[in-house]
Amino acid sequence: MRRKLVVGNWKMHGSRPANAELLAELLGARPYGADVAVCVPFVYLGDTAAQLARSDVGWGAQDVSAHASGAYTGEVSAAMLQECGCRYAIVGHSERRAYHAESDELVAAKAQAALGRGITPVVCVGETLAQRDAGETEAVVKRQLSAVIHTLAHCAAEMVVAYEPVWAIGTGRTASPEQAQAVHAVLRAQLQAATGHAGRMRILYGGSVKADNAAALFAMPDIDGGLIGGASLKAADFIAICRAA
Ligand code: PEP
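1. Remarks on the overall build of the chain
When its secondary structure is counted, the chain shows ten helices and eight strands. Taking 2.2 N^0.38 as the reference for a compact globule, 245 residues should give roughly 18 Å; the C-alpha atoms of the chain span a radius of gyration of 17 Å, in line with that estimate. Oriented by its inertia axes, the alpha-carbon framework of the chain measures out at about 45 × 45 × 35 Å. A buried classification covers 53% of the 245 residues belonging to the chain. Within the chain, contacts between residues separated by at least 24 positions form 71% of all contacts whose residues are at least 6 apart in sequence. Summed over its atoms, the accessible surface of the chain is roughly 10,600 Å², and 54% of this surface lies on carbon and sulfur atoms.

2. With respect to the nonpolar core
If you look at the biggest cluster of nonpolar residues, it comprises 66 residues, and the most contacted ones within it are V38, L81, M159, L187, L191 and Y205. The contact partners of L187, leaving out residues within four places of it in the chain, are V125, V141, L145, V161, Y163 and I203. Core analysis: the second largest hydrophobic core is formed by twelve residues, L5, V7, I90 and L204 among them.

3. Thoughts on the environment of N9
Relative to the assigned elements, N9 resides in strand β1 (residues 5–9). Apart from residues lying up to four places away in sequence, N9 is in contact with C39, Q62, I90, H93, L227, I228, G229 and S232. Here the side chain of N9 touches K11 through a polar contact of 3.0 Å, landing on its backbone nitrogen.

4. A word on helix α10 (residues 235–244)
For α10, the set of buried residues is A235, F238, I239, I241 and C242. Down the axis of α10, the buried set is contained in an arc of 160 degrees. They therefore lie on one face. Facing away from the buried side of α10 by more than 90 degrees, the exposed set consists of A236 and R243.

5. Re the state of the cysteines
Overall, the coordinates contain zero disulfides when judged by the stated rule. Just so you know, C124 is unpaired, no disulfide at all, and the nearest cysteine sulfur is the one on C39, 9.2 Å from it.

Conventions adopted
Residues numbered from 1 in each chain as written. Predicted model: local features only at pLDDT ≥ 70, side-chain atom pairs only at ≥ 80, totals over all residues. Heavy atoms only, no water. Helix = DSSP H or I, 4+ residues; strand = E, 2+ residues; numbered from the N terminus. Rg over C-alpha atoms; globule rule 2.2 N^0.38 Å. Buried < 20%, exposed > 50% of the residue type's maximum accessible area, 1.4 Å probe, protein only. Contact = heavy atoms within 4.5 Å. Areas by Shrake-Rupley, 256 points an atom, 1.4 Å probe, with all protein chains shown as cover. Core = buried A, V, L, I, M, F, W, Y, C linked by side-chain atoms within 4.5 Å. Polar contact = N/O pair within 3.5 Å; in protein donor to acceptor, adjacent residues only side chain to side chain. Arc of directions from axis to C-beta. Disulfide = S-S within 2.5 Å.

Structure representation (structure tokens):
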């Protein structure tokens, strides 16, 4: 039995006072029947760690460098995230693939760097609307995941996968539970063939998850929780989603 996981992705939002209020509300609404974490902008990791320390709410980053250290201006290494107590690092979010030209190979290297420091990579895969319309959904997500499986090799079962159809992110357009389940089943079969441990691996759904659609998505057999963008910024909404899990 897989325990559900709900991860908030704050993207480039927040301020110190707003974050403190949001986290206080999140802490006050415990316990949740699921694992809960927030992935915050790098600069807020210290404050977040201080506020969530000694709680069962985890925290993480939204990216990580593929490099261990060196002359990589603006990058943040997995060792630095480890120092900040990060449990998770999102890698391969579609916004980074699109705006920073991140390739499947780079995403895989980032996942490997995170795991090397004991940080669980939340590996995002997902197709664009054009790819879905062209009937390429399965091929796209399998290609994206296979690069990571190949690089992580015997550690591949340690990642969390997030299926995030690009057309559903921040658009208010959610994949139906059946559409999402169909892709999750494909991903789990791929993970099973590669690792033999897919039964214990968590595959999250992300893309306009809200308080009113979370329960139906999370009820699907291969949907093990959510990666939540916009709705993770409002305490009441995020708490409702965590409870739905
Ligand atoms: C995301 O950014 O990972 C995401 C799923 O965003 P939203 O929930 O806003 O669609």
